[in-house]
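If you want the building blocks of each chain, they are given just below.
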Amino acid sequence: MINQYKFEDEPELKDLFITVDDPESHITAIETFITYRVVTKTSRGEFDSSEYEVRRRYQDFLWLKSKLEEAHPTLIIPPLPEKFIMKGMVERFSDEFIETRRKALHKFLNRIADHPTLTFNEDFKIFLTAQAWELSSHKKQGPGLLSRMGQTVRAVASSVRGGVKNRPEMFTEMNDYVETFSQKINVLDKIAHRIYKEEREYFNEMKEYGPIHTLWSASEEDIADSLKGVASCIDKCCKATEKRMAGLSENLLPILHEYVLYSDILMGVLKRRDQIQGELDSRVDALANKKTEKDLFSEEIGKLEDKVECANNALKADWDRWKQNMQCDMRSTFTNVAENNLHYYEECLATWESFLASQTVDLHVEEDSEERP
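Reference entry: report on the structure contained in this document. Note that the structure is a prediction, hence the values are computed from the model and not measured.

Cut-offs and rules
Residues numbered from 1 in each chain as written. Predicted model: local features only at pLDDT ≥ 70, side-chain atom pairs only at ≥ 80, totals over all residues. Heavy atoms only, no water. Helix = DSSP H or I, 4+ residues; strand = E, 2+ residues; numbered from the N terminus. Buried < 20%, exposed > 50% of the residue type's maximum accessible area, 1.4 Å probe, protein only. Contact = heavy atoms within 4.5 Å. Areas by Shrake-Rupley, 256 points an atom, 1.4 Å probe, with all protein chains shown as cover. Pairing = 2+ DSSP bridges. Axes fitted to C-alpha atoms, helices over the stretch in contact; angles between N-to-C directions. Core = buried A, V, L, I, M, F, W, Y, C linked by side-chain atoms within 4.5 Å. Patch = residues over 30% accessible without salt bridge, like charges linked within 9 Å, V, L, I, M, F, W, Y side chains within 5 Å. Salt bridge = Lys/Arg side-chain N within 4 Å of Asp/Glu carboxyl O. Phe/Tyr/Trp six-rings, centres within 6.5 Å; stacked < 30°, edge-to-face > 60°. Lys, Arg positive; Asp, Glu negative; His and termini not counted. Charge placed at Lys NZ, Arg CZ, Asp CG, Glu CD. Disulfide = S-S within 2.5 Å.

## Some words on the overall build of the protein chain
If you tally the helices and strands in the protein chain, you get 8 helices and 3 strands. Along the chain direction, N to C, the helices and strands of the protein chain fall in the order β-β-β-α-α-α-α-α-α-α-α. Within the protein chain, buried positions represent 36% of all 373 residues. A separation of at least 24 residues holds for 73% of the contacts in the protein chain among residues at least 6 apart in sequence. Taken as a whole, the protein chain presents about 23100 Å² of accessible surface, with 53% of it coming from carbon and sulfur.

Okay, here's the thing in structure tokens:
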């Protein structure tokens, strides 16, 4: 019966629904942190219940991301928002910061849920279902210090050896694409933030500009109506500007910055693929120089060749999926921005045209009254 459970307003094929909401602030003697409620509804048979509710803090999301990267080194894991924020943007733990982070964490989990492989990861299931003490206990079962040190040593050794000798052309092209993409998306992100900052400054000036006309009208009886009309137009345009700013901060800025973070993740994925390839190359070189133990080396090389093939296939499939999602997100975002801009300028234009029309009528009335004997 549970496999037939359906949720309203969702596609029939979707069977995992996650919501991140209800942030709570916690203050202890040594730290202040925020937890978020994570509500999961599912019709999957591997879950013991159809609904779960847990609370998670940011470091729990970091743990999940690291476990996904460990289990799937050449899959493109969705980005998390940074732990720290840029000085001068918003204050840490302000309502704006918390809401921005909540939305990013919500998107992070839902991107994992929609991924054909990551969605079935066991650590992901534990993250969604385990109570706080259970999750804490599970975290302690992770790889030990020596294991993590070994991974780090292998990564450093691979980077010291230099470029990969037998990297397929496809991955070289991917690397070139990511470098170009990273440059472009970082420039777009910086310009978009600058535009938003200038728009906010313009908005603040507009808020002071309108009331001045209203105050002035009190001492200028002959043009009082015109001054009040200008003040009204400025107020309407001010509200339209505020609406456009909300569109930028809710739609454009988060998407651009998410893909700035994605560019770093893609670089990391390609490096991990190269490390796996480099490990195989080093074993092949060692076999060529070995006169003994060739059977042992051949068996190890066979396993590494399988590992490289799996890594390559995983990345190729995820790369196509990521590009398709990226193009869809960008097209949707820029279309939304264009529509918002169009509505904004149409609204402001209509406001000022209405004012001018009223002034023209008033002027004709005055001229007619002057011409009468």
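## What about the pairing of strand 2 (residues 32–42)?
Most of strand 2 is tucked away, with 8 of its 11 residues classed as buried. Where strand 1 (residues 16–27) lies against strand 2, 10 bridges are found, and the strand directions are antiparallel. If you follow Ile-27 over to strand 2, its bridge partner there is Thr-32. The hairpin turn running from strand 1 into strand 2, its antiparallel successor, is 4 residues long. Here 7 bridges tie strand 2 to strand 3 (residues 51–57), and the two strands are oriented antiparallel to one another. Considered in strand 3, the bridge of Thr-40 is made with Tyr-52.

## Considerations on the sheet that holds strand 3
Read from one edge to the other, the open sheet built from 3 strands follows the order 1-2-3, with strand pairing classed as antiparallel. Each of the sheet's edge strands pairs with one partner strand only, and the pair in question is strand 1 and strand 3. The sheet shows a mean angle of 20 degrees between the axes of neighbouring strands, direction not considered. In the packing of helix 1 (residues 58–71) onto the sheet, contacts are made with strand 2 and strand 3, and the angle to strand 3 comes to roughly 105 degrees. Strand contacts of helix 2 (residues 95–114): strand 1 and strand 2, with the helix running at about 150 degrees to strand 1, the strand carrying the most contacts.

## Digging into the nonpolar core
The biggest cluster of nonpolar side chains holds 38 residues, and the ones touching the most others in it are Ile-185, Tyr-259, Trp-322 and Met-330. The element best represented in this core is helix 7 (residues 224–289), accounting for 19 residues. Excluding anything up to four places from it in sequence, Trp-322 contacts Ile-76, Tyr-177, Phe-181, Tyr-259, Tyr-262 and Leu-266. Counting residues in hydrophobic clusters, the runner-up holds 31 residues, among them Ile-34, Ile-77, Ala-113 and Leu-118.

## Focus: unusual backbone geometry
Outside of glycine, negative phi angles account for most residues, and trans bonds account for most peptide bonds. Backbone geometry at Asp-22 places phi at a positive 50 degrees, although glycine is not the residue there. Note on placement: Asp-22 falls in strand 1.

## A closer look at a nonpolar patch on the surface
A contiguous nonpolar patch, built from Val-187, Ile-191 and Ile-195 and spanning about 230 Å² of accessible area, is present on the exposed surface. The residue Ile-191 is located in helix 6 (residues 169–217) in this model.

## So, the environment of Ile-34
Take Ile-34: it is sitting in strand 2. Ile-34 sits 10 residues away from Glu-24 along the chain, and the two C-alpha atoms are 5.4 Å apart. With residues up to four places along the chain from it excluded, the contact list for Ile-34 reads Pro-23, Glu-24, Ser-25, Arg-56, Arg-57, Tyr-58, Phe-93 and Ile-98.

## Topic: the packing of aromatic side chains
This structure, assessed with the given rule, holds 13 aromatic pairs. Plain terms: the ring middles of Phe-61 and Phe-127 are 5.0 Å apart, the flat faces sit at 65 degrees to each other, and that makes the pair edge-to-face. Separated by 66 residues along the polypeptide, Phe-61 in helix 1 and Phe-127 in helix 3 (residues 122–129) bring together distant segments of the chain. Accessibility classification places Phe-61 together with Phe-127 in one group, the buried group. Arranged with centres 6.1 Å apart and planes meeting at 85 degrees, the rings of Trp-352 and Phe-355 form a pair that is edge-to-face. One end of the pair is Trp-352 and the other is Phe-355, both in helix 8 (residues 294–371) and 3 residues apart, which spans about a single turn. In this structure Phe-355 comes out as buried when scored by relative accessible area, which is 13%.

## Side note on the side chain of His-72
Assignment of secondary structure puts His-72 in the loop between helix 1 and helix 2. Once you skip the residues sitting within four places of it in the chain, His-72 turns out to touch Ile-77, Thr-117, Leu-118 and Asn-121.

## Describing a negative patch on the surface
On the surface, a cluster of negative charge is contributed by Glu-169, Glu-173, Asp-176 and Glu-179. Along the chain, Asp-176 turns up in helix 6. Looking at Asp-176, the relative accessible area reads 42%, which means it is partly exposed.

## Here's the deal with the state of the cysteines
Under the counting rule described, the total for this entry stands at 0 disulfides. Looking at the unpaired Cys-237, the closest cysteine sulfur is the one in Cys-348, lying at 3.6 Å. The exposure class of Cys-237 is buried, given its relative accessible area of 5%.

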